[in-house]
Amino acid sequence: MGQIELKGVTKRFGDAEVIPPLDLQINDGEFVVFVGPSGCGKSTLLRLIAGLEDVSGGTINIDGRNATDERPAQRGLAMVFQSYALYPHMSVRKNIAFPLKMAKMSKAEIDAKVDHAAKVLNLSSYIDRRPGQLSGGQRQRVAIGRAIVRSPKAFLFDEPLSNLDAALRVNMRLEISELHNTLKTTMIYVTHDQVEAMTMADKIVVLQAGRIEQVGSPLELYRSPKNRFVAGFIGSPKMNFIGGAEAAKYNAFEIGVRPEHIAVGPTGDWQGRVTVSEHLGSDTFLHVETQHGLINVRAGGEVGVHHGDTVWLTPDRSQMHRFDQQGHAL
Amino acid sequence: MATQASRAAGRLMISPAVIVLFLWMIVPLGMTIYFSFLRYNLLIPGDHAFAGFENYQFFFTDPNFWPALINTLLLVGGVLLITTVGGILLALLLDQPMFGQGIVRVLVIAPFFVMPTVSALVWKNMFMNPVNGIFGWLANVFGVPPYDFLSQAPLLSIILIVAWQWLPFATLILLTALQSLDSEQLEAAEMDGAGPFSRFFHIMLPHLSRAATVVILIQTIFLLSIFAEILVTTNGGPGNASTNLTYLVYSQSLLQYDVGLGSAGGIVAVILANIVAIFLMRMIGKNLEA
Ligand SMILES: Nc1ncnc2c1ncn2[C@@H]1O[C@H](COP(=O)(O)OP(=O)(O)OP(=O)(O)O)[C@@H](O)[C@H]1O
Ligand SMILES: [Mg+2]
């Protein structure tokens, strides 16, 4: 079980209200990702759930039990920190065994669980090394191992992959997703990388300045963002926004079109000059200077358009997003 | 210094400093060794005849030698115990967020700035004196007879005085070490179910071990040669109850004007210091590696 419910949770540091009253429901077995720009309160929210910070108001229920005033250890959650927070003077084995030792388990039971976790995470060959003698990815795995041995109700990850290089990040992303598939435990995952959010999440929570902008599955957020912020945050490359008279044509204050929903051709709605074209093989990203500003276009890999060419762009009207003056979707 | 040429140049550059340092050490040491083999008393003019190991024999068979050796070790051990344990506790206390933290820290460091002779005299006259001291006054308030620290427990009193002087040093080094502990490690331990005591023993103490090693090594070097505190408080007495090796060397060479005997004692002290240092390095020096 691992159902977490936040009701009217607020957090203030002195006078600064970092999290205004916030409600959120996380279901058992869900993979929930918190995304948002830096400083929006993702880590703070995670630490509130973990019990490492006290809430300033509201309640946190875990499995229907009020856990607001419980200490971190009593909540039965496990956390993987961005810096891994391994204990440097203990071997990998001792690191993983530490939570079990604190729970006063018998030696035999501890050994069995540690060996099992080490096998699942491929840690066995360096089980007697110290954290200082491991690579970043291996440390990350030890940190995850330390979290899974306790069989927690939910895992909390705070940007666990941000210290890894790009290739390793993709690998670890897959490993964590696989882990979720086998364990089926609730996971809450903080990141500011929207690719991680889109690929891993069952449910994405988009935060801005401590407020929840939208909650939904990755495709829901991609297809029907509730507002301009979510529309701009989800999707890569970013959505193009056009205001003024052009938007008025569509009865909106501002319109948004994703780069992949714009066709390039010899004729079309908007004329522009290509400033940069990035050929990636599978795709070509075009930066086109038009009378409505710079527009990013994602074209096929074989498009023969180069710097300085004049092109015509046609947005796909069925995939167009319209926003009012306050940035709400129409 | 990657290449052989640059390494050779480096050696050449630092050689003057090394040579000066070496002479600085070896000349006094050589002279002391030389004197320790002479029959050399300032009250007996004339030839300084070669005496062989006579001085050493005198020093070792001096009835005060073994008590002085034991006193030295007790003094060093006692002060180390008080300062490391007390230093860790004080560092934990000072690491807590509190009102007036800056001022409190300066106050804690203050004893280190007081000269040894001055602090020993302050303790002797204003704290431990049974008539004028504050402890005597306290004893009177509670209606118990005042305790004459310096004559009844001379070595312990000196240990207390010296520990008071060195506590700030230990606290300061251990406090900086404590502050360098990654707070996420403590939070991880908290999530792992470790209570305050487990966190202290499993996370903080191992983190402090390196700093504690430095504290112990540095203090040992200074504590082996404690002298001023003994001179101004007990004069090594009553009897030889608070005489350590340094003080014994002083009383033999200067009070009896016997340079040869004093030199022999000095050499014995040097050898003892080296033995202690080797033991310490063996025991805790491995903390400093890696
Ligand atoms: N202990 C604290 N005292 C005061 N303000 C704090 C404290 N911790 C965080 N804040 C503030 O709360 C806000 C949210 O911080 P938080 O660490 O949750 O951001 P984040 O979303 O995790 O950002 P990032 O992606 O950069 O990690 C920030 O504006 C930060 O300055
Ligand atoms: Mg953060």
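Residues numbered from 1 in each chain as written. Chains lettered and ligands numbered in written order. Predicted model: local features only at pLDDT ≥ 70, side-chain atom pairs only at ≥ 80, totals over all residues. Heavy atoms only, no water.

**Thoughts on the sheet that holds strand S12 (residues 254–257) of chain A**
All names here are of chain A. One open sheet accounts for three strands, arranged S11-S12-S18; its pairing is antiparallel. Every interior strand has two partners, whereas the edge strands, strand S11 (240–243) and strand S18 (321–323), have only one. Across this sheet, the average inter-strand angle for adjacent strands is 25 degrees, counted without regard to direction. Relative to S12, S11 is paired through four bridges, and the arrangement is antiparallel. In the strand pairing of S12, Gly243 is matched with Glu254. (Pairing = 2+ DSSP bridges. Helix = DSSP H or I, 4+ residues; strand = E, 2+ residues; numbered from the N terminus. Axes fitted to C-alpha atoms, helices over the stretch in contact; angles between N-to-C directions.)

**Here's the deal with the sheet that holds strand S7 (residues 154–158) of chain A**
Residues and elements named next belong to chain A. Read from one edge to the other, the open sheet built from six strands follows the order S6-S7-S8-S3-S9-S10, with strand pairing classed as mixed. Strand pairing shows two members of the sheet lacking a second neighbour, strand S6 (77–80) and strand S10 (211–216), which therefore form its edges. When strand polarity is set aside, the average angle formed by the axes of neighbouring strands in this sheet is 15 degrees. Strand contacts of helix H5 (residues 166–183): strand S3 (31–35), S7 and strand S8 (186–190), with the helix running at about 160 degrees to S8, the strand carrying the most contacts. (Contact = heavy atoms within 4.5 Å.)

**Observations concerning the domain arrangement of chain A**
Residues and elements named next belong to chain A. Here chain A is described as being made up of domain 1 (4–229) and domain 2 (237–323). Each of domain 1 and domain 2 has a C-alpha centre, and these two points are 38 Å apart. Taken together, the two surfaces of domain 1 and domain 2 that pack against each other cover about 570 Å², and 52% of this comes from carbon and sulfur. Inspection of the domain 1/domain 2 interface yields one salt bridge. Across the pair Arg228 and Glu254 runs a salt bridge, and its minimum N-O distance is 2.6 Å. The tally of links from domain 1 across to domain 2 stands at three residue pairs in polar contact (both at pLDDT 80 or more). Sorting elements by how many residues they give to the side of domain 1 that touches domain 2 places helix H7 (residues 218–223) first, with three residues. (Domains from an automatic or database assignment. Buried area = accessible area lost by both parts, 1.4 Å probe. Salt bridge = Lys/Arg side-chain N within 4 Å of Asp/Glu carboxyl O. Polar contact = N/O pair within 3.5 Å; in protein donor to acceptor, adjacent residues only side chain to side chain.)

**Some remarks on the packing of aromatic side chains**
Counting across every chain of the model gives 28 aromatic pairs over all chains. Consider the rings of Phe59 of chain B and Phe65 of chain B, whose centres lie 5.4 Å apart with planes at 65 degrees: the pair is edge-to-face. Each member of the pair, Phe59 of chain B together with Phe65 of chain B, is buried. Among the aromatic side chains, those forming a connected cluster through ring pairs are Phe31, Phe155, Phe157 and Tyr189 of chain A. Positioned above the aromatic ring of Tyr87 of chain A is the side chain of Arg146 of chain A, whose terminal nitrogen or guanidinium carbon lies 4.5 Å from the ring centre. A cation sits over an aromatic face here: Arg228 of chain A above Phe241 of chain A, 4.0 Å from the ring centre. (Phe/Tyr/Trp six-rings, centres within 6.5 Å; stacked < 30°, edge-to-face > 60°. Buried < 20%, exposed > 50% of the residue type's maximum accessible area, 1.4 Å probe, protein only. Lys NZ or Arg CZ within 6 Å of the ring centre and 35° of its normal.)

**Here we look at the interface of chain A and chain B**
Between chain A and chain B, the contact holds 23 residues from the first and 15 residues from the second. Approximately 1,600 Å² of surface area, both sides summed, lies buried where chain A meets chain B, with 61% of it carried by carbon and sulfur atoms. Its largest share of buried area at the contact with chain B, chain A owes to Tyr87, His89 and Met102 of chain A, together 28% of the area lost on that side. The tally of links from chain A across to chain B stands at three salt bridges.

**Observations regarding the confidence of the model for chain B**
Residue and element names in this part refer to chain B. The share of residues in chain B with pLDDT of 70 or more is 98%, and the mean pLDDT across the chain is 86. The secondary structure element of chain B with the lowest average pLDDT is helix H7 (residues 149–152), at 78, and the one with the highest is helix H3 (residues 65–95), at 92. Reported confidences for the modelled complex are a pTM of 0.80 and an ipTM of 0.82. (pLDDT = per-residue confidence, 0-100.)

**Points about the side chain of Thr84 of chain B**
Position of Thr84 of chain B among the secondary structure elements: in helix H3. In contact with Thr84 of chain B, not counting residues within four places along its chain, are Leu174, Val215 and Ile216 of chain B.

**Thoughts on the pairing of S10 of chain A**
Residue and element names in this part refer to chain A. Pairing analysis gives five bridges linking strand S9 (residues 203–208) to S10, with the strands arranged antiparallel. Paired with Leu207 across the two strands is Ile212, which belongs to S10. Hairpin connection between S9 and S10: a loop of two residues separates the two successive antiparallel strands, and Ala209 in this loop has a positive phi of roughly 50 degrees.

**Brief notes about the site of ligand 1**
All names here are of chain A. The environment of ligand 1 is made up of Phe13, Val18, Ser38, Gly39, Cys40, Gly41, Lys42, Ser43, Thr44, Glu159 and His192. Relative to its free-state accessible area of 640 Å², ligand 1 is covered by the protein chains to the extent of 57%. Ranked by residue count, the leading element in the shell around ligand 1 is helix H1 (residues 42–50), at three residues. Looking at the shell around ligand 1 residue by residue, the class counts come to three nonpolar, six polar and two charged. (Near = heavy atom within 4 Å. Areas by Shrake-Rupley, 256 points an atom, 1.4 Å probe, with all protein chains shown as cover. Nonpolar A, V, L, I, M, F, W, Y, C, P; charged D, E, K, R; others polar.)

**Observations concerning the side chain of Arg199 of chain B**
By the element assignment, Arg199 of chain B lies in helix H10 (residues 196–223). One buried charged residue, Arg199 of chain B, forms no salt bridge at all, with the nearest opposite charge on Glu190 of chain B at 4.5 Å. (Lys, Arg positive; Asp, Glu negative; His and termini not counted.)

**Here we look at unusual backbone geometry**
Residues and elements named next belong to chain A. A cis amide bond links Ser236 with the next residue in sequence, Pro237, at an omega value of -5 degrees. Along the chain, Pro237 turns up in the loop between helix H8 (228–233) and S11. Its identity as a non-glycine residue notwithstanding, Tyr84 has a phi of 70 degrees, on the positive side. Within the fold, Tyr84 resides in the loop between S6 and helix H2 (92–102). Classification of Tyr84 as buried rests on a relative accessible area of 7%.

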